[in-house]
Amino acid sequence: MSSPSGVPGPGEQFLEQLLTAVHAAPALELPDVVHRFADAAGLDRIDLYLVDLQQRCLVPLADGPSTLGVDSSVAGSAYRAHELRVEESAHGRLTAWLPLIDGVERLGVIGVTAPALDGTVLRHCRVLSSILAMAITSKRASSDSFARRTRSQNMQLPAEMLRAFLPPRTIGNAHVVSTAVLEPAYEIGGDVFDHSLTRSTLHVAILDAMGHNLASGLTTAVAMAGCRNARRAGVELPSLVEKIQEAIAQWLPEQFCTGILAQLDLATGILRWCNCGHPAPLLIRDHRVLDHALERPPQPPMGTPASLADVDWVVHKEPLQPGDRVLMYTDGVTELRTGNGGEFGLQRFVDSIIRSTAAGERPPEALRQLIHSILDRQDNQLRDDATLLLLEWRP
């Protein structure tokens, strides 16, 4: 706050200087900016960590600090819970871990080490974490620095192409959250997800192209572009699906793509969707999956098959209840092989969902735990893409 004389107070000066410095700094100089402000605030240090692509590790943005496990560290606990965590460090110092969150998207954590942590220090740290989250989000589109830090292996070309199209992993507001994961993270070939939020509607899509190669990636890239182009033009759901299938049929006539295109009315909770040859979504209510709740007769995949069949796209409707979650997935999840050579199957998948959601975790954390439980069963080796998209409605 400014003083009565109009001269900025210490807190306001701190905020102004911080904003100016962070705004002007290149991506990999953010740790240096943060270090300068740690000195100015009388803190021992401030460390900045980003979560890796598979959300298993927290990777330091500066050289020196060690990588931390999301599931095995206090810093990881702050990331998982979206909350402040404090631990005692060397020489009686305290370290406060705060999550880096842009809106509802989890990016990583910051660790603030000091002799003592009072209300003023923590307020400054919360301001710092908010500013850094916005800065990272804005700078990562124009710099490879963050991508290099958060990757643990080289990415295949189809995966690189598709990840360039993907939206943030999590979007939402006070009333709805949509979050998604896509594996194998470095070798995806034909799966994508999309979600977008307006004042009244959540738009979501999950798409799965035939095959697992560059042609598959091109198919879903065309499908996603067609989806966004039609959505931004304000067309109704059947016309949106028609635009996608026309684009695939025109530009990639040998290919086709399954998918679900859906819209959730934020005021009423009415879910509307078209199912184009895709596994039916699952409705999760009171920590259990309701049998066949969203199963409807599927229609053909988008592309030449639908064009030849002259399909009229059917829109299905289902009213959600407050707290309901809807999970969409690709068949790469249920067609996984178990250790004895059998198929993972829908029932085992449903059992995994129940275990992941019963703990009451927020949707992004529940989905992170779900995909990791599936990957761990497969020794992190997948034969096909496995994509999950989870939305939760809380009016």
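All residue numbers here refer to positions counted from 1 along the written sequence of the relevant chain. Where local features are concerned, this predicted model is filtered to residues with pLDDT of at least 70; where side-chain atom pairs are given and counted, the filter is 80 or more; whole-chain, interface and lining totals use all residues. The basis for every side-chain value is the complete set of heavy atoms in the structure, and neither hydrogens nor water enter the calculation.

Student: In this structure, what is going on with the overall build of the chain? I would like to understand it.
Tutor: Comment: elements are numbered from the N terminus, with helices defined as DSSP H or I runs of at least four residues and strands as E runs of at least two. For the chain, the count of helices and strands is 12 helices and 18 strands. Seen through its C-alpha atoms, the chain measures out along the principal axes to roughly 75 × 55 × 40 Å. Per-residue burial over the chain gives 52% buried out of 395 residues. Here the analysis covers contacts within the chain between residues at least 6 apart in sequence; of these, 64% occur between residues at least 24 apart. In short, Shrake-Rupley with a 1.4 Å probe defines the accessible areas, and a residue's cover is counted only from the protein chains shown. Of the accessible surface of the chain, which amounts to about 17,800 Å², a share of 51% is contributed by carbon and sulfur atoms. Counted as positive: Lys and Arg. Counted as negative: Asp and Glu, with His and the chain ends omitted from the count. Here the site of a charge means NZ on Lys, CZ on Arg, CG on Asp, or CD on Glu. Across the chain, the 35 positively charged side chains and the 46 negatively charged ones have centroids separated by 3 Å. Three exposure classes are used, based on accessible area relative to the maximum for each residue type with a 1.4 Å probe and protein chains only: buried under 20%, partly exposed in between, and exposed over 50%. Two residues form a contact once any of their heavy atoms are found within 4.5 Å.

Student: Looking at this structure, I do not really get the pairing of strand β8 (residues 176-183). What am I missing?
Tutor: The side chains of a regular strand alternate, residue by residue, between the two faces of the sheet. The element β8 is largely enclosed, with a buried count of eight among its eight residues. The side-chain alternation of β8 yields two buried faces, one formed by Val 176, Ser 178, Ala 180 and Leu 182 and the other by Val 177, Thr 179, Val 181 and Glu 183. At least two bridges found by DSSP between two strands is the condition for calling them paired. Judged from the three bridges that link them, strand β7 (residues 170-172) and β8 form a sheet pairing that is antiparallel. Within β8, the position partnered with Ile 171 by the bridge is Ser 178. In sequence, β7 turns back onto β8 through a hairpin of three residues. Strand direction decides the pairing type here: β8 and strand β18 (residues 386-393), joined by eight bridges, are antiparallel. Counterpart to Ser 178 in the pairing with β18 is Leu 391.

Student: So what exactly am I meant to see when it comes to the layout of surface pockets here?
Tutor: One way to see where empty space is left: roll a probe the size of a water molecule over the atoms. Its volume calculated, the largest pocket comes out at about 1,000 Å³. Cavities and pockets were defined on a 1 Å grid built from protein atoms only: a cavity is a group of points that admits a 1.4 Å probe but offers it no way out, a pocket is an open group of points flanked by protein on both sides within 12 Å along at least five of seven lines, and a lining residue is one with an atom within 4 Å of any such point. In terms of lining, the largest pocket is formed by 37 residues, of which the most central are Leu 53, Arg 140, Ala 147, Thr 150 and Arg 163. Of all elements in the fold, only β1 (45-51), β6 (105-114), α4 (119-139), α5 (145-150), α6 (157-165), β8 and α12 (363-377) reach the threshold of two or more residues within the lining of the largest pocket. Under the convention adopted here, Pro, Cys and the residues Ala, Val, Leu, Ile, Met, Phe, Trp and Tyr are nonpolar, Asp, Glu, Lys and Arg are charged, and Gly plus all remaining residues are polar. Looking at the lining of the largest pocket residue by residue, the classes come out as 19 nonpolar, six polar and 12 charged. Grid points are joined across faces, edges and corners, and a volume is the space filled by probe spheres set on the points. Roughly 440 Å³ of internal volume is contained in the second largest pocket. Lining of the second largest pocket is provided by 27 residues; of these, Gly 323, Arg 325, Pro 363, Glu 392 and Arg 394 occupy positions nearest its centre.

Student: I would appreciate a short explanation of the sheet that holds β18 in the present structure.
Tutor: Within a beta sheet, neighbouring strands are joined by backbone hydrogen bonds and run either parallel or antiparallel to one another. Ordered by their spatial adjacency, six strands build an open sheet running β7-β8-β18-β17-β13-β14, and the pairing between neighbours is antiparallel. Of all strands in the sheet, those bounded by a partner on one side alone are β7 and β14 (288-290). Each strand of the sheet is rotated relative to its neighbour by a mean of 20°, with strand direction disregarded. Examined bridge by bridge, strand β17 (residues 325-329) and β18 share five bridges and lie antiparallel to one another. By the bridge assignment, Val 326 is partnered in β18 with Leu 391. Each axis is a line fitted through C-alpha atoms, taken for helices only over the stretch in contact, and angles between the N-to-C directions span 0 to 180 degrees. Contacts from α12 reach β7, β8, β17 and β18 within the one sheet, and its direction differs from that of β8 by about 20°.

Student: Is there a simple way to think about helix α7 (residues 214-232) in this case?
Tutor: Spacing of three or four residues puts side chains on the same side of an α-helix, whose turn is 3.6 residues. Expected span, for any helix, means 1.5 Å times one less than how many residues it has. The end-to-end C-alpha distance of α7 is 27 Å, a good match for the 27 Å that 19 residues give at a rise of 1.5 Å each. Buried within α7 are the following residues: Ser 216, Gly 217, Thr 219, Thr 220, Ala 221, Ala 223, Met 224, Gly 226, Cys 227, Arg 228, Ala 230 and Arg 231. Buried residues along α7 sit against α6, β9 (191-197), β10 (201-209), α8 (237-251) and β11 (256-265). Backbone nitrogen of Ala 215 and a side-chain oxygen of the N-cap are separated by 3.1 Å at the start of α7; the cap is Asn 213. Just downstream of α7, Gly 234 is the residue with a positive phi angle, here 80°. Think of a polar contact as two N or O atoms within 3.5 Å of one another; within protein, one of them needs to be a possible hydrogen donor and the other a possible acceptor, and neighboring residues in sequence only count if both atoms come from side chains.

Student: Mind showing me how you'd approach the domain arrangement of the chain here?
Tutor: Interfaces are often sized by the accessible area lost when the parts come together. Note that the domain bounds were set by an automatic or database domain assignment. Taken domain by domain, the chain comprises domain 1 (10-149) and domain 2 (155-393). Averaged C-alpha coordinates put domain 1 and domain 2 at centres separated by 32 Å. Simply put, the buried area is the total loss of 1.4 Å probe accessible area from both parts when two parts are fitted together. Carbon and sulfur atoms make up 43% of the area that domain 1 and domain 2 hide from each other, which totals about 1,600 Å². The working definition used for a salt bridge is a side-chain nitrogen of Lys or Arg within 4 Å of a carboxyl oxygen of Asp or Glu. For the interface between domain 1 and domain 2, the tally reads three salt bridges. A salt bridge links Asp 71 to Arg 368, with the shortest nitrogen-to-oxygen separation between them at 2.6 Å. Within the residue set of the side of domain 1 that touches domain 2, elements represented by two or more residues are α3 (74-81) and β6. When the residues that make up the side of domain 1 that touches domain 2 are grouped by side-chain class, the tally is six nonpolar, three polar and five charged.

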